Amino acid sequence: MNKSDSERIMGIMSHFGYEPSSEDEADFLIINTCSIRKLSEDKAYSKIGNWGKRKKDGEDIKIGICGCVAQQEKENIFKKYPYVDLIFGTHNIYELPGLLNKEGRVCAIRDKAVSEKDFEIIRNKNINAWLPIMEGCNNFCTYCVVPYTRGRERSRTIENIIKEAKQIIKEGFREITLLGQNVDSYGKDLEGKPTFAHLLRELDKLEGNFRIRFTTSYPTDITDDVIETVKKGSKICECFHIPMQSGNDRILKMMNRRYDVQKYTEIVKKIQNEIENVTVTSDFIAGFPSETEEEFQDTIKQIKLLGLDYSNTAAYSPRPNTPAGKMVDKFVADDIKKRRLIELNETIKEASFNSNKKYVGKTLEVLVEKEKFEDNKRLLEGRLRNNKVVHFESTKHNVGDFVLVKLNKASIWCLFGEEV
Ligand code: SAH
Ligand code: SF4
């Protein structure tokens, strides 16, 4: 979502005569921040700290900070970082033109979103384009800062999304990833209540040779219609990112997740049984407040039982404003969290290797994303429709091509094969 916002910010700034530049040469530096965990917040502050030193040493630069940390901390940032010139929140991106023209230090934070405006978007020339279909979240999981920094759920209209998708295809992108904190609640706030499955079908009908991906799915909101649409769609990739967060029912309840292990298992099994070569990936948090060793072991057990293909992991990080962030007396000690995170990562490594091994012997379509040269060989790297990374040697094909590859070897994080 941040990458996508940055592309919009770049578009707006280019409209007003700014050009993208390197960090060393730029005269206006803006950092678009994430506050999902303390680590990402710390990284952002360390960056503006370095830029501040450059300014103190006499460089004529302007410094801006936007995104979720800005939305959360507002003008407090000026107190600690007095050399910052511009602070703007997640709902203020479309006001940037006015903000750029203001004299002196500026802080612009809105509580609510304004409707989007039709500015150019400067997308990083790549294979994949990010396409937000909605913003914000209504779920209020107790650990999560998103509803506070991104506001309530707002869907973009089908017309706007289709218009942007057509532009993306015209610009030569080969893949569109639809973004939303909970894509399955797409459209609930729109007139006529169009569903996510309907949106997928409309996008699948567009002409062109491209793939459609989407993220993130909330376990119990995935409908049979979505599963059926993914199964039947020609461009929609067979890949679901469905964060489970924990494999223990008490912890899930404390997290305010609206499912238990049994319900999560049912949805994953349904997807795995219905769709050929599908992958299901997840997110897990280690050391949520009050999590016992036994409860953590339930998570390890579930990852193995469910046959998940890959998962992101994080140690629980207390976040401002969130209910879990206030459970100070229940916090799990840092060294225990760290150890659980390592065990989680080891389990996921094993799961990823087991999942990759299932594909050895199959011939599947790869979309090429990168080329590199190693020992006089030209190697291409791309992804299967289910998002698995594949490496193969080729003299014929190029970045952006769809190539049939026979997969003949699996490693932990990728597959190797030869073009057919
Ligand atoms: N909307 C998505 C996830 C968005 S945040 C969903 O509902 O699943 C991405 C991931 O960051 C989450 O899935 C969660 O695993 C992790 N995360 C969020 N808040 C966190 C926190 N306070 N500490 C550690 N990890 C967190
Ligand atoms: Fe955060 Fe939960 Fe919303 Fe995901 S669903 S963004 S984890 S509050």
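Fair warning: this is a prediction, and the values are worked out from it, not measured in the lab. (Residues numbered from 1 in each chain as written. Chains lettered and ligands numbered in written order. Predicted model: local features only at pLDDT ≥ 70, side-chain atom pairs only at ≥ 80, totals over all residues. Heavy atoms only, no water.)

A. Just the overall build of the protein chain, in detail. When you go through the protein chain residue by residue, the secondary structure sums to 13 helices and 17 strands. For a compact globule of 420 residues, the expected C-alpha radius of gyration is about 22 Å, and the protein chain comes in at 22 Å, within 12% of that figure. Reported as C-alpha extents along the three principal axes, the dimensions of the protein chain are approximately 65 × 55 × 55 Å. For the protein chain, the residues scored as buried account for 53% of the 420 residues in total. Considering only intrachain contacts with a sequence separation of at least 6, the fraction spanning at least 24 residues in the protein chain is 69%. On the protein chain, roughly 20,100 Å² of surface is accessible, and the fraction owed to carbon and sulfur atoms is 50%. Between the mean site of the 68 positive side-chain charges and the mean site of the 66 negative ones, the protein chain shows a separation of 2 Å. (Helix = DSSP H or I, 4+ residues; strand = E, 2+ residues; numbered from the N terminus. Rg over C-alpha atoms; globule rule 2.2 N^0.38 Å. Buried < 20%, exposed > 50% of the residue type's maximum accessible area, 1.4 Å probe, protein only. Contact = heavy atoms within 4.5 Å. Areas by Shrake-Rupley, 256 points an atom, 1.4 Å probe, with all protein chains shown as cover. Lys, Arg positive; Asp, Glu negative; His and termini not counted. Charge placed at Lys NZ, Arg CZ, Asp CG, Glu CD.)

B. Examining the domain arrangement of the protein chain more closely. As far as domains go, the protein chain holds domain 1 (2-108), domain 2 (123-237), domain 3 (265-358) and domain 4 (363-419). The interface of domain 2 with domain 3 comprises 12 residues on the first partner and 15 residues on the second. Carbon and sulfur atoms make up 71% of the area that domain 2 and domain 3 hide from each other, which totals about 1,200 Å². Linking domain 2 to domain 3 there are two salt bridges. (Domains from an automatic or database assignment. Buried area = accessible area lost by both parts, 1.4 Å probe. Salt bridge = Lys/Arg side-chain N within 4 Å of Asp/Glu carboxyl O.)

C. View of the packing of aromatic side chains. With the rule as written, the count across this model stands at 12 aromatic pairs. With a centroid separation of 5.4 Å and 85° between ring planes, the pair formed by phenylalanine 214 and phenylalanine 240 is classed as edge-to-face. You can see phenylalanine 214 sitting in strand β9 (residues 211-215) and its partner phenylalanine 240 sitting in strand β10 (residues 239-241), a full 26 residues away along the chain. What makes phenylalanine 214 buried here is its relative accessible area of 5%. Its relative accessible area of 0% is what places phenylalanine 240 among the buried residues. For the ring pair tyrosine 218 and tyrosine 259, a centre distance of 5.8 Å and an interplane angle of 70° mean the geometry is edge-to-face. Separated by 41 residues along the polypeptide, tyrosine 218 in the loop between β9 and α9 (224-232) and tyrosine 259 in the loop between α10 (249-254) and α11 (261-274) bring together distant segments of the chain. Each member of the pair tyrosine 218 and tyrosine 259 is classed as buried. (Phe/Tyr/Trp six-rings, centres within 6.5 Å; stacked < 30°, edge-to-face > 60°.)

D. Examining the pairing of strand β17 (residues 414-419) more closely. As judged from the five bridges shared by strand β15 (residues 389-393) and β17, these two strands associate in the parallel manner. Within the sheet, the bridge partner assigned to glutamate 393 lies in β17 and is glutamate 418. What sits between the antiparallel neighbours strand β16 (residues 402-410) and β17 is a turn of three residues. (Pairing = 2+ DSSP bridges.)

E. Spotlight on the site of ligand 1. What surrounds ligand 1 is a group of 15 residues, the closest being Gln181, Pro243, Gln245, Asp283 and Ser317. Note that a nitrogen atom of ligand 1 is positioned 2.8 Å from one of the backbone N or O atoms of glutamine 181. The side chain of aspartate 283 places a nitrogen or oxygen atom 2.6 Å from an oxygen atom of ligand 1. Relative to its unbound accessible area of 550 Å², ligand 1 is 87% covered by the protein chains. Broken down by secondary-structure element, the contributors of at least two residues to the shell around ligand 1 are β11 (279-286) and β12 (310-315). In terms of residue class, the shell around ligand 1 is made up of seven nonpolar, four polar and four charged. (Near = heavy atom within 4 Å. Polar contact = N/O pair within 3.5 Å; in protein donor to acceptor, adjacent residues only side chain to side chain. Nonpolar A, V, L, I, M, F, W, Y, C, P; charged D, E, K, R; others polar.)

F. Representation of the sheet that holds strand β5 (residues 128-132). The parallel open sheet is built from three strands, whose spatial order is β5-β8-β9. The two strands at the open ends of the sheet, each matched to only one other strand, are β5 and β9. Taken pair by pair, the neighbouring strands of this sheet meet at an average axis angle of 25°, ignoring direction. Pairing analysis gives five bridges linking strand β8 (residues 175-179) to β9, with the strands arranged parallel. Bridge pairing in β9 places leucine 179 opposite threonine 215. Strands β5 and β8 of the sheet are contacted by helix α1 (residues 2-15), whose axis makes an angle of about 90° with β5. (Axes fitted to C-alpha atoms, helices over the stretch in contact; angles between N-to-C directions.)

G. Molecular detail of the sheet that holds β15. Spatial ordering of the closed barrel is given by β13-β14-β15-β17-β16, a layout of five strands whose pairing is mixed. The mean inter-strand angle of the sheet, taken between neighbouring strand axes irrespective of direction, is 50°.

H. Representation of a nonpolar patch on the surface. A surface patch of nonpolar side chains, amounting to about 360 Å² of accessible area, comprises Tyr310, Phe353, Ile412 and Trp413. Residue placement: isoleucine 412 occurs in the loop between β16 and β17. Judged by its relative accessible area of 31%, isoleucine 412 falls in the partly exposed class. (Patch = residues over 30% accessible without salt bridge, like charges linked within 9 Å, V, L, I, M, F, W, Y side chains within 5 Å.)

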